[in-house]
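Descriptive analysis of the structure
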Amino acid sequence: MAQKKVVSIEDRIPKLKQARKKKANRRLLFYLSIFFILISIIVYLQSPLSYIRTIQVEGNSFLQDNEIVKQANLTDNKNIWTIDTDAVESILNDSPIIASAKVSRKLPWTVSITVEEYELVGYTQKESTYYPVLGNGTTLQSMAKKTYNGDAPLLKGFNKETYLHRLTNEMEKLPETIRNLISEVHWTPEKDNNDKMRLYMNDGFIVDARIPNFADSMEIYPSIVSQLDEESEGIIHIGVGAYFESFHNGKKGQEAEKGD
């Protein structure tokens, strides 16, 4: 029977001391690393290294980058960690042009601002000047144009802000594909119905509609047009029910003409 090798305690003590020393060194190195990391963080927070150096703005088309930065009250001499992102977002959301805003930090010294503006849904015209109108009813007086390029419908006759706001709210809900089919929207209030309006479409048809639930009502427009002959000319009535009135059938249809 083979004899087991016996290691004396005297032989094991140096190895135990060496293992304990290595363990102590690792622990010391760990604590030193934590210490230097904490010191680095404190130095970073207290030094200009933590000041804002770059502000990125995305998602804007109507507002310039510098306008958004100014409104947010962000400057390059502010510590990035002292910024209340929720407060900055709230300030930006107060803008009549901005629908939503998101502010975030990108270490070490960048602030990112992402905005979503209200959509352009039309133009109002005063003499020879065109004013963009957004989906919340805001008219951009400072962005007036002398030429109209047809990128959004002309909104005519809306001399009461309440009805303009109600229309623009519906226009923003419209799918862009349908909104792009609209050339002009004329407010045509009647004695017993102030919600009436008439649309002139880019495909040649005229639509009689009402402001309430306009977006929902217009969703059937492509389906109606697809059922008509290419040579058809007339008025599509939408609202409570929908039907087509040809210009060539009936006195009322024959008298219908496109407005200026």
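Let us look at the structure shown here. (Residues numbered from 1 in each chain as written. Predicted model: local features only at pLDDT ≥ 70, side-chain atom pairs only at ≥ 80, totals over all residues. Heavy atoms only, no water.)

This part is about unusual backbone geometry. Excluding glycine, most residues fall at negative phi; most peptide bonds, likewise, are trans. The residue after leucine 107, namely proline 108, is reached through a cis peptide bond having omega 10°. Structurally, proline 108 can be placed in the loop between β2 (98-106) and β3 (110-117). Of note, glutamate 127 is a non-glycine position whose phi angle comes to about 55°, a positive value. Its location among the elements puts glutamate 127 in the loop between β4 (120-126) and β5 (129-134). (Helix = DSSP H or I, 4+ residues; strand = E, 2+ residues; numbered from the N terminus.)

Burial in helix α2 (residues 65-72) covers these residues: Ile68, Val69 and Ala72. Looking straight down α2, one finds its buried side chains confined to an arc of 100°; they lie on one side. Turned more than 90 degrees off the buried face of α2, the exposed positions are Asn66 and Lys70. Of the surrounding elements, those touching the buried residues of α2 are β1 (54-58), α3 (85-93) and β3. In the segment just after α2, asparagine 73 is the residue with positive phi, at about 60°. (Buried < 20%, exposed > 50% of the residue type's maximum accessible area, 1.4 Å probe, protein only. Arc of directions from axis to C-beta. Contact = heavy atoms within 4.5 Å.)

Another point: the side chain of asparagine 79. As for its placement among the helices and strands, asparagine 79 is situated in the loop between α2 and α3. A polar contact is formed between the side chain of asparagine 79 and the backbone nitrogen of tryptophan 81, at a distance of 2.8 Å. (Polar contact = N/O pair within 3.5 Å; in protein donor to acceptor, adjacent residues only side chain to side chain.)

Inspection of the entire model under this criterion finds six salt bridges. Taking the shortest distance from any N to any O, the salt bridge between glutamate 119 and arginine 179 comes out at 2.5 Å. In this pair, glutamate 119 sits in the loop between β3 and β4 while arginine 179 sits in helix α5 (residues 176-179), placing the two residues 60 residues apart along the sequence. You can call glutamate 119 partly exposed: its relative accessible area is 35%. Where arginine 166 meets aspartate 195, a salt bridge forms, and the shortest distance between an N and an O atom there is 3.0 Å. (Salt bridge = Lys/Arg side-chain N within 4 Å of Asp/Glu carboxyl O.)

Below, the discussion takes up the sheet that holds β3. Overall, mixed pairing links the three strands, which are arranged β1-β3-β2 in an open sheet. Two strands bound the open sheet, and with one partner strand each, they are β1 and β2. Taken pair by pair, the neighbouring strands of this sheet meet at an average axis angle of 15°, ignoring direction. As defined by bridge partners, β1 adjoins β3 across five bridges and the pair is classed as parallel. Bridge pairing links isoleucine 55 to valine 111 in β3. α3 rests against β2 and β3 of the sheet, and its axis sits at about 155° to β2. (Pairing = 2+ DSSP bridges. Axes fitted to C-alpha atoms, helices over the stretch in contact; angles between N-to-C directions.)

Before going further, it helps to examine a positive patch on the surface. Judged by side-chain charge, Lys22, Lys23, Arg26 and Arg27 come together as a positively charged surface patch. Tracing the chain through its elements places arginine 27 in helix α1 (residues 9-46). You can call arginine 27 partly exposed: its relative accessible area is 44%. (Patch = residues over 30% accessible without salt bridge, like charges linked within 9 Å, V, L, I, M, F, W, Y side chains within 5 Å. Areas by Shrake-Rupley, 256 points an atom, 1.4 Å probe, with all protein chains shown as cover. Lys, Arg positive; Asp, Glu negative; His and termini not counted. Charge placed at Lys NZ, Arg CZ, Asp CG, Glu CD.)

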